[in-house]
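Here is what each chain is made of, one letter per residue.
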Amino acid sequence: MAWSTADVVRMSQVTSRTLRHYDEIGLLPPAWTGSNGHRYYTETELLRLQQILLMRELALGLREIRAVLDSRADRVTVLREHRAHLVAEQERLATLVRTVDRTIAELEGSRDDDMARINRPENLFEGFEPSRHDAEMEAEVRERWPQAWEQSRQAVEAMSPEDTERWQREATAQMIRMAEFMVAGTPAADPAVQAQVDAHYQGVCRFWTPNAEAYKGLARTYADDPQFRANFDKIAEGLAAYQQEAMTVYADARLR
């Protein structure tokens, strides 16, 4: 039995653009391509896609994933290892749910709307792993923009542990503030939202300096890549798409 690209997109929620990219880099070729140009996938490819998505959940880059798949390691053994990591992630997410519940309770108990109280790290950061997002971003940059990745690598190596911890907290806080704007219905082009995007861009520039197209490409990655999208949407459903829109507005207005 074989499934078309549309079928695989429907079942896996992986975009057709991502499937094309996986084919182009030899990570997930289809079983065959029809005379009409449509790609078709069999159970073998679906199982390979499952492994790819599992490893993306574990923040592996595409090159690392391909190396694992090409090693022809025993599939059951690999899946058991993935399962162990997922159980650990499940426990982390349970902690994160408690963190969000505690924050909601404190905000509901507030007599004012001063969102500055949400910056208290003891209320917000338990359960977060900003380093996961950093690793995923690094992998994506390395694959798409090798020269930028080298600049990023050198910048990271120059950071002290204190700098790294401060940067991670800032990155997580920025995601939460963007979620607040989204939930409040603030337009992506609003000056306050764009100020947050500018802080994000300046943070990226500590490691590499994207032009307008590269920054919009990074924004598309946040929204289209399943792992990135899931990480944003863990904060608030729809945050990845909102972040993309706001970054696109910023790139068109500030980076041209």
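What you see is a predicted model; the values in this text were computed from it and never measured.

(A) Region of interest: the nonpolar core. With 28 residues, the main nonpolar core has Met178, Val197, Tyr215, Leu218, Leu239, Met247 and Leu255 as its most contacted residues. At the level of elements, α9 (161-183), α10 (191-204), α11 (212-224), α12 (226-235) and α13 (239-254) are the ones that each hand at least two residues to this core. Here this core takes seven residues from α13, the largest share from any one element.

(B) The arrangement of α11 in detail. In a regular helix each residue adds 1.5 Å, so 13 residues correspond to 18 Å; α11 covers 18 Å between its end C-alpha atoms and thus fits that length. Among the 13 residues of α11, eleven are classified as buried, and the element is accordingly described as predominantly covered. Those residues of α11 not exposed but buried are Ala212, Ala214, Tyr215, Lys216, Gly217, Leu218, Ala219, Thr221, Tyr222, Ala223 and Asp224.

(C) The pattern of salt bridges, seen in detail. According to the stated counting rule, one finds nine salt bridges in the structure shown. A salt bridge links Asp225 to Arg56, with the shortest nitrogen-to-oxygen separation between them at 2.6 Å. Here Asp225, found in the loop between α11 and α12, pairs with Arg56, found in helix α3 (residues 43-57); they are 169 residues apart in sequence, far enough to count as distant. Among the ionic pairs, Glu213 bridges to Lys216, the shortest N-O distance being 3.6 Å. Of this pair, Glu213 and Lys216 both sit in helix α11, separated by three residues, roughly a single helical turn. Taking the relative accessible area as the measure of exposure, Glu213 reaches 42% and is therefore partly exposed. Taking relative accessible area as the criterion, Lys216 reaches 12% and is therefore assigned buried. Here the salt bridges do not stand alone but share partners, grouping Arg48, Arg66 and Asp70 into one network.

(D) Spotlight on the packing of aromatic side chains. Counted by the stated rule, this structure contains six aromatic pairs. Ring geometry for Tyr201 and Tyr215: centres 5.0 Å apart, planes at 85°, overall edge-to-face. Of this pair, Tyr201 sits in helix α10 while Tyr215 sits in helix α11, and the two are 14 residues apart along the sequence. A relative accessible area of 0% places Tyr215 in the buried class.

(E) A look at the sheet that holds strand β1 (residues 3-4). Here three strands make up an open sheet; going across it, the order is β1-β3-β2 and the pairing antiparallel. On the outer flanks of this sheet lie β1 and β2 (32-33), each paired with one strand and no other. As judged from the two bridges shared by β2 and strand β3 (residues 39-41), these two strands associate in the antiparallel manner. By the bridge assignment, Trp32 is partnered in β3 with Tyr40.

(F) Quick peek at the environment of Arg48. Its location among the elements puts Arg48 in helix α3. As for Arg48 and Leu28, which are separated by 20 residues in sequence, their C-alpha atoms are 7.3 Å apart. What Arg48 contacts, discounting residues up to four positions off in sequence, is Gly26, Leu27, Leu28, Leu69 and Asp70.

(G) Local environment of unusual backbone geometry. The phi angle at Gln13 is positive, at roughly 65°, despite the residue not being glycine. With respect to the element layout, Gln13 can be found in the loop between α1 (5-12) and α2 (16-24). The class for Gln13 is exposed, based on a relative accessible area of 52%.

(H) Structural detail: the environment of Ala195. Secondary-structure assignment places Ala195 in helix α10. Taking the C-alpha atoms as reference points, Ala195 and Tyr250, 55 residues apart in sequence, are found 9.3 Å from one another.

Basis of the calculations
- Residues numbered from 1 in each chain as written.
- Predicted model: local features only at pLDDT ≥ 70, side-chain atom pairs only at ≥ 80, totals over all residues.
- Heavy atoms only, no water.
- Core = buried A, V, L, I, M, F, W, Y, C linked by side-chain atoms within 4.5 Å.
- Buried < 20%, exposed > 50% of the residue type's maximum accessible area, 1.4 Å probe, protein only.
- Helix = DSSP H or I, 4+ residues; strand = E, 2+ residues; numbered from the N terminus.
- Expected span 1.5 Å × (residues − 1).
- Salt bridge = Lys/Arg side-chain N within 4 Å of Asp/Glu carboxyl O.
- Phe/Tyr/Trp six-rings, centres within 6.5 Å; stacked < 30°, edge-to-face > 60°.
- Pairing = 2+ DSSP bridges.
- Contact = heavy atoms within 4.5 Å.

The values reported here are purely geometric and, on their own, carry no functional implication.
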